[in-house]
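Analysis of the macromolecular model
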Amino acid sequence: MNLPLGIKPLDITSFTNAHGNFTQALKPGASFDLTVSDPGFERQYPSFKDKYNQTTENFQWLIQHAIDNNLRLRPMGSGWSLSKVAVCPDGIVNTKKLRLKASLGSSQLSEEYLNSGDPFNLLFAQCGNSMISINELLEQERNPPKSLRASGGSNGQTIVGALSTNTHGAAFKFGSLSEFVLGMHIVTGPDRHVWIERASRPVTSAKFQEWIKAEVILDDDIFNSALISFGSFGFIHSVLIEVEPKFLLEQQLTQIAYDGNLEKAITDYDFSGLAHVLNYPLAVANEKLYHFELAINPHNFEKNNPDKGVYFRVMYKEPYREDYERIEPQTQGYTYGDDVLGLIQKVLDQVEVLPGNMLDGLVIPNAVNTLFNLAYNRPEKAIGTVGETFRNTIFRGKLYSGAFAFDRKDMPKVIDIVLGNNRNIPFAGVMAMRFVKGNKATLGFTRFENSCVLEMDGVDAKVNYNFSEKLVDVLEAHNISYTVHWGKNNNVLNKERVRRIYGDAVDKWLGHRNQLLSASAQAVFNNEFLEQCGLDQPGKILLT
Ligand SMILES: Cc1cc2nc3c(=O)[nH]c(=O)nc-3n(C[C@H](O)[C@H](O)[C@H](O)COP(=O)(O)OP(=O)(O)OC[C@H]3O[C@@H](n4cnc5c(N)ncnc54)[C@H](O)[C@@H]3O)c2cc1C
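1. Some points on the overall build of the protein chain
Within the protein chain one finds 18 helices and 22 strands. Its C-alpha atoms give the protein chain a radius of gyration of 23 Å, near enough to 24 Å, the size a compact globule of 544 residues would have. Oriented by its inertia axes, the alpha-carbon framework of the protein chain measures out at about 65 × 55 × 45 Å. A total of 544 residues make up the protein chain; the buried ones form 62% of that total. By sequence separation, contacts in the protein chain at least 24 residues apart represent 76% of the contacts at least 6 residues apart.

2. As for the pairing of strand β13 (residues 235-242)
Residues in a regular strand project their side chains so that they alternate between the two faces of the sheet. Judged by how many residues are buried, β13 sits mostly within the fold: 8 of 8 residues are covered. Relative to β13, strand β8 (residues 122-126) runs antiparallel, the two being bridged by 5 bridges. Across the sheet, the residue bridging to Gln126 is Ser238, located in β13. Of the pairings in the sheet, the one linking strand β10 (residues 181-189) to β13 comprises 6 bridges and is antiparallel in character. The residue bridging His185 from the neighbouring strand is Ser238, located in β13.

3. Some words on the pairing of strand β19 (residues 399-407)
Where burial is concerned, most of β19 is hidden: 8 out of the 9 residues are buried. Bridge count between β19 and strand β21 (residues 450-459): 9 bridges; the pairing is antiparallel. Paired with Ala403 across the two strands is Glu455, which belongs to β21. Summarising the sheet, β19 and strand β22 (residues 483-484) pair through 2 bridges and their orientation is antiparallel.

4. Quick look at the site of the ligand
Neighbouring the ligand are 35 residues, the closest being Pro75, Ser81, Gly153, Gly161 and Thr165. Residue His168 places a main-chain N or O atom 2.8 Å away from a nitrogen atom belonging to the ligand. Alone, the ligand offers 970 Å² of accessible surface; in the complex the protein occludes 97% of this. Mapped onto the shell around the ligand, the elements with two or more residues apiece are β5 (73-76), α5 (159-164) and β13. Looking at which element gives the most residues to the shell around the ligand, the answer is α5, with 4 residues. Within the shell around the ligand, the residues separate by chemical class into 12 nonpolar, 20 polar and 3 charged.

5. Looking at the packing of helix α15 (residues 495-502) against helix α16 (residues 505-516)
Running from amino to carboxyl end, α15 crosses α16 at an angle of 105°, the nearest separation of the two axes being 7 Å. When the interaxial angle is binned, α15 and α16 end up roughly perpendicular. Where α15 abuts α16, its residues Val498, Arg499 and Tyr502 lie against Ala505, Val506 and Asp507. The residue makeup of the contact of α15 with α16, split by class, is 4 nonpolar, no polar and 2 charged.

6. Side note on the sheet that holds strand β17 (residues 310-319)
Within a sheet, adjacent strands bond to each other through the backbone by hydrogen bonds, running parallel or antiparallel. If you walk across this open sheet you meet the 8 strands as β18-β15-β17-β16-β20-β21-β19-β22, and the pairing is antiparallel. Each edge of the open sheet is held by one strand with a lone partner, namely β18 (381-384) and β22. Relative to β21, strand β20 (residues 429-437) runs antiparallel, the two being bridged by 9 bridges. Across the sheet, the residue bridging to Met433 is Leu454, located in β21.

7. A few points about the packing of aromatic side chains
Counted by the stated rule, this structure contains 35 aromatic pairs. An aromatic cluster of at least three residues, connected via ring pairs, comprises Phe48, Tyr52, Phe124, Trp195, Phe208 and Trp211. Over the ring of Tyr320 we find Lys246; its NZ or CZ atom is 4.1 Å from the centre of that ring.

8. Some remarks on unusual backbone geometry
Leaving glycine aside, a negative phi is the common case for residues, and trans is the common case for peptide bonds. A cis amide bond, omega 0°, links Asn143 with the succeeding residue Pro144. Its place among the elements puts Pro144 in the loop between α4 (131-141) and β9 (146-147). The backbone of Asn166 sits at a positive phi, close to 75°, despite the residue not being glycine. As for its position among the elements, Asn166 is in the loop between α5 and β10. We classify Asn166 as buried; its relative accessible area is 0%. Look at Tyr269: it is not a glycine, yet its phi comes out positive at around 55°. Relative to the assigned elements, Tyr269 resides in the loop between α8 (260-268) and α9 (282-288). The exposure class assigned to Tyr269 is buried, which follows from its relative accessible area of 15%.

9. Description of the side chain of Thr35
Relative to the assigned elements, Thr35 resides in the loop between β4 (32-34) and α1 (39-44). Accessibility expressed as a relative area gives 3% for Thr35, which makes it buried. Polar side-chain contacts of Thr35 include one of 3.0 Å to the backbone nitrogen of Ser37. In contact with Thr35, not counting residues within four places along its chain, are Gly6, Lys8, Phe41, Lys97 and Leu98.

Cut-off values and rules
- Residues numbered from 1 in each chain as written.
- Predicted model: local features only at pLDDT ≥ 70, side-chain atom pairs only at ≥ 80, totals over all residues.
- Heavy atoms only, no water.
- Helix = DSSP H or I, 4+ residues; strand = E, 2+ residues; numbered from the N terminus.
- Rg over C-alpha atoms; globule rule 2.2 N^0.38 Å.
- Buried < 20%, exposed > 50% of the residue type's maximum accessible area, 1.4 Å probe, protein only.
- Contact = heavy atoms within 4.5 Å.
- Pairing = 2+ DSSP bridges.
- Near = heavy atom within 4 Å.
- Polar contact = N/O pair within 3.5 Å; in protein donor to acceptor, adjacent residues only side chain to side chain.
- Areas by Shrake-Rupley, 256 points an atom, 1.4 Å probe, with all protein chains shown as cover.
- Nonpolar A, V, L, I, M, F, W, Y, C, P; charged D, E, K, R; others polar.
- Axes fitted to C-alpha atoms, helices over the stretch in contact; angles between N-to-C directions.
- Parallel < 35°, antiparallel > 145°, perpendicular 65-115°, else oblique.
- Phe/Tyr/Trp six-rings, centres within 6.5 Å; stacked < 30°, edge-to-face > 60°.
- Lys NZ or Arg CZ within 6 Å of the ring centre and 35° of its normal.

What follows is the structure, encoded as structure tokens:
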């Protein structure tokens, strides 16, 4: 096969995701690697613009190739997703080597942006840039230095891979990663590629748009649909993101009782009852608070009992200064090791085969207590930049990680339901609640204005899949609105549930997909995950 410069065959016949939850068989000869840094490519396309525009053509070539050969393709970032959102039975396209990034000059920006924003707060990045490399560029090389406005707990994802599944941290006043995206360049077909911005916030000028050679779409609704589209709207070649002056996050981790005071913080962000715990006087704390998270060990929990309470983890946002004690990477914690997970996995697998599963009730809590202590055995106080704070990328062993989002007001009920469920099917892991400002993405999973994400991390054992299935049944029986993370273990999702959760937004998303991609291009980007969720059908084009 004669491949254009910049596209290379990716010689694999299967793909196993980072946490080893699944292995996807792939068609031989159907996967590809994209690059902008091979010597031959560099020689032929010496300038940034040449490299960039040729890569757009390479994406188009791949879509045409897939149509001609009746193949499905999925763009892949770091392959961290625990669901099968980044794979299909034919081929994957590795985007990790697409790492061009640049600032934009004033002439490339709209009047509107120049009147309200700072050009130095923008970064134009190709899809394959990792969160790590973006943090390094912003915090260490940019002058003046900058920070990402939000991050997940770890940072090995690619920028586009991360935002495509609605990756979030606990930035309860800012939101998930998708919130800092102002523009997207998407290759939607063999002869079409689009630059999308919100009509309500135009950022680039005609000069930039000519440079990128794309059809320009200024539309809030289409932007919101494409923003969280998990590889289904074509290849997202690049994004334009907004950053801010470099800042520090001062962490505080302490164990407190789950009581009425904490419940007020959960349901209303009213921290007044916790004033005695906070590092600052209430008014100052309210101003500085950036990150709000709680961790629960479901096997050692009792309301109003500080010894069986929750870990309260907050971060205060501070202006950057040089004189602070850097976080030691090895003391950051929350990195499960092979030994603990491997051991628990082994124990649980044994438990599964015992007649009557009788040991679950004893073994699982003990195992979790060990895990929990390991995970939270870290300094109470730490200070660092976004890049220094969210940087755990080491993970070993199979892991189950599921996340459901709720309206924060429903959390007291949800906690009771989760604990009730845990009495019947003990969850082999730990739980956290991370509070995130909601987004407007059409299929955003942090869609509640004040979202609380319940994270459940544990061993990759059947018992945890059963736990989440049962949990969803009970939530539905109690009529509690919930959503499910697109990139984590989400076996509970099916066509009916996606429809029940997102309602008419599904039609909007499908309609916009149909508006941007021809039927043959949609077929290229369909996969089993979209079929499972009922998102593979062409929707009705909506007039906007
Ligand atoms: C150790 C670990 C920690 C995690 N921590 C968090 C966390 O704190 N918060 C959280 O919310 N999630 C977290 N996750 C989940 C993770 O952030 C998401 O699954 C994320 O989407 C993975 O990014 P990735 O680069 O690996 O993308 P992939 O898993 O490779 O892909 C994700 C999706 O993006 C699409 N995609 C990738 N590149 C492109 C492109 N160029 N164009 C179009 N579509 C594209 C893929 O097709 C796929 O649908 C964690 C996962 C792990 C393994």
